[in-house]
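Structural description and commentary
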Amino acid sequence: MVYCGGVAHRNQRLEHKSDVTGAAVTLDMAGTIELARMLQPDLKRIAVVAGTGLVDRYMLSLFQDVFKDYEGKLELIDLAGLPLDNLLERVSRLPASTVILYLALQRDGAGRIFSSSATMKMVSQKARVPLFNFIDTALGYGSVGGRMTQIYAMSRKAAEIALRVLSGESIASIEPTVIRDNPAMFDWRELKRWGIDENALPSGSIIRFREASLWDVYRWWVIGTFSFICLQTLLISLLVNNLIKRKRAEQEASRMRGELVHVARVSTVGQIGHNLAHEINQPLAAIRMNAEAARHMLGGVAPDLAQVREALDDIVADNKRAEGVVQRIRSLVKRTTPVHDQVDLNRIAAETIHMIEADAGSKGVTVNLDLANDLPPVHGDQVQLEQVALNLIVNAVEAVSQNQIPSRIVTVKTNREGEESVILCVSDTGAGVDQITADRLFEPFFTTKPQGMGLGLSISRAIAEAHGGSLSFASSLPRGATFCLRLPAVQPETRNTQQEG
Ligand code: ADP
């Protein structure tokens with residue numbers, strides 16, 4: 001026979017018969033009362049609940065023994081043996097500074113049979129003071145806690161012994177076991193209900209029925225999600241920052257490019273500058289001569305007014321000429337934002353040559369103009385495209401300047417290439433370009449000239465490409481160099497009709 005459930009005294013050793021063994025427990029009512037006193041320092045009364053069943057009365061007798069030590073220290077409110085209704089009514093009126101010690105209630109004073117834990121729950125619900133108990137299987141039914149008799153541990157032990165016996169071990173060799181430990185156990189919900197601080201519990205206390213907060217349950221989800229959001233925010237802001245920086249750098253780069261284009265243009269104008277001055281001086285001199293002649297005529301006895309009018313007309317015409325030159329220089333040197341419009345390459349070629357004519361003439365260079373008829377317009381910025389033409393023509397004039405006078409020839413030619421593109425080529429009869437130079441022509445700052453900047457061709461190519469076109473080099477035959485600017489033609493259906501050919 002294997003038993004489960006005897007109550008042993010604290011130091012009692014159980015009798016071991018050769019055919020009976022098992023597991024028992026110890027009770028600790030005094031320890032439970034001490035716990036109640038500790039958690040409620042102003043405790044004055046203890047209300048004891050017990051029924052009229054066998055176990056109920058046995059527990060009551062044990063309690064009466066224990067309580068002898070508390071006579072004079074605690075007042076006893078005896079609620080044992082009452083009918084349940086009566087009991088519930090009594091617990092609802094208990095005064096403060098009281099605790100209920102729940103012993104056992106399997107049968108009430110009216111003889112009705114109950115489950116002890118179910119009645120404990122009813123008592124606890126009605127009670128206005130905390131309830132303590134000392135059986136671990138009843139924890140969770142309304143008791144704050146107590147020094148627990150370990151029914152679960154005892155049952156497990158008895159089951160182990162039974163299994164050993166069943167597997168053939170002799171009972172005589174298996175000593176009965178007493179689970180002597182009565183740990184302090186508490187119901188978390190009741191601690192909260194009565195406002196008992198967890199920190200006030202004795203160390204090593206076991207707390208059951210802890211209700212996990214949302215934080216407890218979802219802590220890792222929350223931390224994980226939060227970290228993810230933080231990380232994502234960080235990544236996004238890094239990315240946005242990066243984007244802003246890149247955009248800034250691109251803006252900055254385009255501004256620098258603009259500055260460079262401008263500097264190059266000013267420098268090219270500088271190269272031909274003294275001849276431009278000559279171009280302005282010519283009309284100014286003519287104006288002065290005409291003005292002096294008119295004054296002289298008016299000083300005469302019978303001035304010829306028709307001749308005076310002619311002189312004045314010449315003055316106006318020369319003034320317009322000078323103004324035109326100044327205007328062109330200004331438009332080239334001016335810092336402008338690119339304007340995109342339909343422009344005519346023939347006009348660009350003619351105006352550029354007009355600008356360089358005096359310079360070329362002074363060097364004994366002949367500039368031939370060979371313009372195609374009905375050249376379709378191109379889409380672009382007039383000033384920038386003029387800059388390309390000017391760079392090419394200035395280079396060509398320089399290249400032929402070393403030749404004998406009759407062969408100092410530069411040809412500027414425009415043409416259409418099918419429907420798709422138009423082309424402006426500047427050819428010269430200079431020394432040409434050797435292979436090593438040819439490979440590096442379009443590199444920024446590449447120059448073979450002592451005063452050169454080496455920017456003209458690289459900027460011209462950049463302008464050509466920004467217009468969706470190209471700038472290429474080829475050797476001329478029998479000698480010299482040809483540079484061609486190729487640009488997409490504006491298609492007939494999108495052509496601006498106001499644009500003159
Ligand atoms: P720069 O004229 O200031 O040197 P460019 O970029 O316009 O700068 O020209 C770069 C180089 O290309 C020149 O130094 C020269 O060696 C060569 N080059 C350009 N055009 C011609 C040409 N028509 N004939 C021979 N060489 C040329």
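The numbers attached to residues start from 1 for each chain and follow its sequence in the written order. Residues qualify for local features only when their pLDDT is at least 70, as the model is predicted, and side-chain atom pairs are given and counted only at 80 or more; totals for whole chains, interfaces and linings, by contrast, use all residues. Remark: hydrogens and water are excluded; side-chain values derive from all non-hydrogen atoms of the structure.

Some thoughts on the sheet that holds strand β8 (residues 177–179)
Reading across from one edge, β1-β2-β8 is the order of the three strands in this open sheet, with parallel pairing throughout. With one partner strand each, in any of the chains shown, β1 (2–8) and β8 form the two edges of the open sheet. Taken over all neighbouring pairs, the strand axes of this sheet differ in orientation by 25° on average, direction set aside. Strand pairing is assigned whenever DSSP identifies at least 2 bridges connecting the two strands. Comment: elements are numbered from the N terminus, with helices defined as DSSP H or I runs of at least four residues and strands as E runs of at least two. Where strand β2 (residues 21–26) and β8 come together, three bridges link them in parallel fashion. Looking at the pairing, A23 lines up with T177 of β8. Angles shown run from 0 to 180 degrees and are taken between the N-to-C directions of axes, each axis being a line fitted to C-alpha atoms and, for helices, limited to the stretch in contact.

Looking at the site of the ligand
Only a single heavy atom is needed: when it lies within 4 Å of a molecule or strand, its residue is near that molecule or strand. For the ligand, the set of nearby residues contains 18 residues, the closest of which are N395, T447, T448, K449 and L457. Between the ligand and D428, the relevant distance is 2.9 Å, taken from a nitrogen atom to a side-chain nitrogen or oxygen of the residue. Against a free-state accessible area of 530 Å², the protein chains account for coverage of 92% of the ligand. A majority-of-atoms criterion places the ligand in the largest pocket. All amino acids are sorted into three groups, where Ala, Val, Leu, Ile, Met, Phe, Trp, Tyr, Cys and Pro are nonpolar, Asp, Glu, Lys and Arg are charged, and the leftover types, Gly among them, are polar. Across the shell around the ligand, the residue classes break down as nine nonpolar, seven polar and two charged. Between N or O atoms, a polar contact is any pair within 3.5 Å; within protein, one atom must be a potential hydrogen donor and the other a potential acceptor, and residues adjacent in sequence are included only when both atoms are from side chains. Only the protein chains shown count as cover for residues, and the accessible areas themselves come from Shrake-Rupley with a 1.4 Å probe. Here a cavity means grid points, on a 1 Å grid over the protein atoms only, where a 1.4 Å probe fits yet cannot get out; a pocket means an open set of points with protein on both sides within 12 Å along at least five of seven lines; lining residues are those with an atom within 4 Å of a point. Here the criterion for a molecule occupying a pocket or cavity is that more than half of its atoms lie within 2 Å of the pocket grid points.

Re the pairing of strand β14 (residues 409–417)
Two elements, strand β12 (residues 366–370) and β14, share five bridges in a ladder whose sense is parallel. Bridge assignment links V367 to a residue of β14, and that residue is V410. Connecting β14 to the next strand, strand β15 (residues 421–428), in antiparallel fashion are three residues, including G418 with a positive phi near 60°.

Brief notes about the confidence of the model for the chain
On average, residues of the chain score 90 in pLDDT, and 96% of them reach the 70 mark or higher. A residue's pLDDT is the confidence the predictor assigns to it, expressed on a 0 to 100 scale. Per-element mean pLDDT across the chain ranges from 84 in helix α8 (residues 273–299) up to 98 in strand β6 (residues 131–132).

Considering the nonpolar core
Side chains that are nonpolar tend, in soluble globular proteins, to be buried together. L345, L385, V426 and L485 are the most contacted members of the largest nonpolar core, which totals 41 residues. Looking at this core, the element that brings in the most residues is helix α11 (residues 382–400), giving ten residues. What makes two residues a contact is simply this: any of their non-hydrogen atoms within 4.5 Å. Once you skip the residues sitting within four places of it in the chain, L385 turns out to touch V343, I348, V378, G380, I463, H467, L485 and L487. Note on terminology: a nonpolar core comprises buried Ala, Val, Leu, Ile, Met, Phe, Trp, Tyr and Cys residues joined through side-chain atoms within 4.5 Å. Note on exposure labels: buried denotes an accessible area under 20% of the residue type's maximum, exposed denotes more than 50%, and partly exposed covers the range between, all computed with a 1.4 Å probe on protein chains only. In this structure, L27, I46, F134 and L191 belong to the second largest nonpolar core, which totals 30 residues.

A word on the state of the cysteines
Here, a disulfide means two cysteine sulfur atoms that sit within 2.5 Å of each other. Within the structure shown, the criterion is met by one disulfide. Across the disulfide, C425 is cross-linked to C484 (sulfur-sulfur distance 2.0 Å). Taking the torsion about the S-S bond as the criterion, the C425 to C484 disulfide, at about 115°, is right-handed. Residue C425 is found in strand β15, and its partner C484 is found in strand β17 (residues 481–488); the two are separated by 59 residues along the sequence. For the pair shown, C425 and C484 are each scored as buried.

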